[in-house]
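Here is how the chains run, residue by residue.
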Amino acid sequence: MLRSLRRSVFSSLHRPNLRSTMSTFPTATLTRVGTIPYYVPSSLAPIPADSRRLIFGNAPDFSDGPLPISLLVFEDATHASHSVLSSTVNSWLQTDDVFNADFLQHVYFLFLTQTDAFDLDESSIGILNDWKTQSVHAVSVNSTAHDDSFRGGPYFASNVGIREAWRLFEDANEAFQFPVVPDEHRDNTFNIPGTAAVPVPSRCYYDRPSNTKPLSGMRIAIKDNIDLKGVRTSAGNRAYQALYAEKARSAVCVEKLIEAGAVIVGKTKTVQFASGENARDWIDFFPPFSPRGDGYQDPGCSSAGSATAASAYDWIDATLGTDTFGSVVGPAADHGVFGLRPSLGSISTEGTVPVSKLIDTVGFFTRSIQIATALSRTLGARDITSNLCAASIELLYPTDVFSGSDEMYLSHIEPFIRHLEEFLQAKRKKLDVDGLFRQQAVVGGSSLKEYLDTTVAHIQLYDCYQNCLPFLRDYKQIFHKKAFADPYIEYKWSLGKNLTVEQYEQAVKERNTFGDWMRTAILPQPSDGKTLDKILIFPNGDTEPFDRHEYLKRSLEEGASKKQGFGYKPNVMAVLAGLPFFTIPYGQYPYKSAVTGNVEYLPGAIAVVGPQGSESAMLELLQEFLERTPEMRDTVLTGPTSFPVDHKASPSL
């Protein structure tokens, strides 16, 4: 992705003999600017000596390696004023986490029109002295045809050219399987840089998001059951990672991100084969640490690494996960971030390691409703609502679903629902989904609990085992031994292996029957095919802590069997009907931590479900609601709490 940028940035400048250049800096290097570590890619943007002219200070000494510089780009010499210098650098300091004042030690002024003579005025010299700048060079190029190719910002310079500055951020919460950087010789291909920390490029290198590049410069990490061209996919299993080679193509959803201007910075950890393990069940790799609360809460199920990265790191804008029956829905609530499980089929799952193609989706996590909306628009294959909302929207409140929530949760979400009613100018419409299902005798008067008791379990267990069989056979054939899998997964496979085709087909029939009814009786697609006219409020998340080290004094079978989808749970409504399920963080719950001995805070969340294919319109509506409602917030924090502790919307008050 960045290769094309690097190729064009200085395309109009005379290039020196690259053979001698590359022998000087043949590979990427690591360095520090002050106390901050940096990754410096090997690709050079050469500025030969005859195109640079020293106009201030003393010539820099490059004998000890590349030096940090600031590149400032001007249309011509008349634009290099004191005010422009000051505003540009102040903007970088405020918006770019890669740039810092140490890059002002040496400054390059790059003029896009030929400038034979240029001298600094007294006010400009004054600001350079304030910056403690040691040297300034002027570089003139004839490049008015390539104005958009030049990007100011932090770089590293030598006698032979300049290279980009990628800051190294520590993965203190162990969310990443590994970082990645672009391959500098193959388009849209990635390499593992071999650094423990995660390299990220300066935000200065990218234009603001636009219609053609709606995700321009956004840093995104992807779950390691999603393919990325040039690197292996582990699916959380060392044997799987060892067996299969680097991927020849990225997943379709990743290709869409790249096309939209996103920067892929790494792959995040997942439980084995995207199943339901908790922290104590991980064997092959170490589970992430959720930053929320006391830092020792369970990070959640399958998409734990992606949710952790989104909730822990300001330098990550969003992460991709997958959801079969809760792997985005659950961690989004646990981590107090925005999370979307989209409509079934809305985002392509091609290039992901499947659990069950009947219910698998690709979803995402982010701390900003605005980014969530942009991601939904970018990744979605279709949107039946055309991003339009009806003048009057029906707000559905499923009383039978909320009846399972505790009193603390119900009292704390009530202000959120009331604010949503005020915004929509519509009172909630109460309905009993299960009662309606029985009343209409969809399956002879059976309840949802009776009819869907084993539906999700039988579908995902059967499909998971069948989808993993080729891996198990291939590994045995190549390595002449059985592949290791976590005991939790072995238990899951044993259940799937014992299911019959007839049991599976019956479960698929149950899914189809319920899904058709749900999409007809409860959340039908808009009658005019264009406008969103119904949304369903849904509970999500817990009010009690779940310590990652808590064994609960139960056997593997007792623990693992509870997470296979047996027994009807209301959250499978959206899963089986293929409806979009969007998690919204709204506040936090105080609790006394057994780890720290202090009062800590757990995230509070609620969800909204829409008609199939309506996710972009639904997110657009919710974005407007959060932006217009002073008591609500459209972004959340990283770290122990999603919101400031004194935030008015927090139920802790």
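A short tour of the structure in this document, coming up. Counting restarts for each chain: residues are numbered from 1 in the order of the written sequence. Only residues with pLDDT of 70 or above have their local features reported here, since the model is predicted, and side-chain atom pairs are shown and tallied only from 80 upward, although totals for entire chains, interfaces and linings are computed over all residues. To obtain the side-chain values, all non-hydrogen atoms of the structure were used and water was disregarded.

1. Notes on the sheet that holds strand 9 (residues 166–169)
Consideration 1: A pair of strands counts as paired when DSSP detects no fewer than two bridges linking them. Helix and strand assignments come from DSSP, with helices taken as H or I runs of at least 4 residues and strands as E runs of at least 2, each series counted from the N terminus. Spatially, 1-2-9-13 is the arrangement adopted by the four strands of the open sheet, whose pairing is antiparallel. Of all the strands in the sheet, just strand 1 (29–33) and strand 13 (198–201) have a single pairing partner and so form its edges. The sheet shows a mean angle of 40 degrees between the axes of neighbouring strands, direction not considered.
Consideration 2: Across two bridges, the pairing between strand 2 (residues 36–40) and strand 9 is antiparallel. Across the sheet, Tyr38 pairs through a bridge with Arg167, a residue of strand 9. Inter-axis angles, ranging from 0 to 180 degrees, are taken between N-to-C directions of lines fitted to C-alpha atoms, where helices are fitted over the stretch in contact.

2. Notes on the packing of helix 14 (residues 455–479) against helix 16 (residues 501–522)
Angle between the axes and distance between the axes: these two values describe a pair of packed helices.
Consideration 1: As a packed pair, helix 14 and helix 16 sit with axes 8 Å apart at the nearest point and diverge in direction by 130 degrees. Put simply, helix 14 runs oblique to helix 16. In this structure, helix 14 crosses over helix 16, and the sense of that crossing is left-handed. Two secondary-structure elements touch here, helix 14 through Thr455, His458, Ile459, Tyr462 and Asp463 and helix 16 through Val501, Gln503, Tyr504, Ala507, Val508, Glu510 and Arg511.
Consideration 2: Residue composition of the contact of helix 14 with helix 16, by class: six nonpolar, three polar and three charged. For this classification, under 35 degrees means roughly parallel, over 145 means roughly antiparallel, 65 to 115 means roughly perpendicular, and everything else is oblique. Crossing chirality is assigned from the near helix's rotation relative to the far helix, an anticlockwise turn below a right angle marking it left-handed and a clockwise turn marking it right-handed. Contacts: residue pairs with any heavy atoms within 4.5 Å of one another. Polar here means any residue outside two lists: the nonpolar Ala, Val, Leu, Ile, Met, Phe, Trp, Tyr, Cys and Pro, and the charged Asp, Glu, Lys and Arg; Gly therefore counts as polar.

3. Some words on the pairing of strand 23 (residues 599–609)
Consecutive side chains of a regular strand alternate in pointing toward one face of the sheet and then the other.
Consideration 1: The element strand 23 is largely enclosed, with a buried count of 10 among its 11 residues.
Consideration 2: As paired strands, strand 21 (residues 531–540) and strand 23 are joined by five bridges and run antiparallel to one another. Note that in strand 23 the partner of Phe538 across the bridge is Ala607.
Consideration 3: As defined by bridge partners, strand 22 (residues 581–592) adjoins strand 23 across 11 bridges and the pair is classed as antiparallel. Of the residues in strand 23, the one forming a bridge with Pro590 is Tyr601.
Consideration 4: Linkage of strand 22 to strand 23, two consecutive antiparallel strands, is achieved through a turn of six residues, within which Gly597 is found at a positive phi near 80 degrees. Burial classes follow relative accessibility: with a 1.4 Å probe on protein chains only, a residue under 20% of its type's maximum area counts as buried, one over 50% as exposed, and anything between as partly exposed.

4. Examining the pattern of salt bridges
Consideration 1: Salt bridges are defined as contacts in which a side-chain nitrogen from Lys or Arg sits within 4 Å of a carboxyl oxygen from Asp or Glu. As enumerated under the stated definition, the model contains 20 salt bridges in all.
Consideration 2: Residues Arg341 and Asp323 are paired through a salt bridge, measuring 2.7 Å at the closest nitrogen-oxygen approach. With Arg341 in strand 17 (residues 338–341) and Asp323 in strand 16 (residues 318–323), this pair connects stretches of sequence that are 18 residues apart.
Consideration 3: Residue classification places Asp323 among the buried residues on the basis of a relative accessible area of 0%.
Consideration 4: Of the charged contacts, one joins Glu490 and Lys482 as a salt bridge, the two residues approaching to 2.5 Å between their closest N and O atoms.
Consideration 5: The class of Lys482 is exposed, set by a relative accessible area of 58%.
Consideration 6: Residues participating in the shared-partner salt-bridge network are Glu414, Arg418, Glu421 and Arg428.

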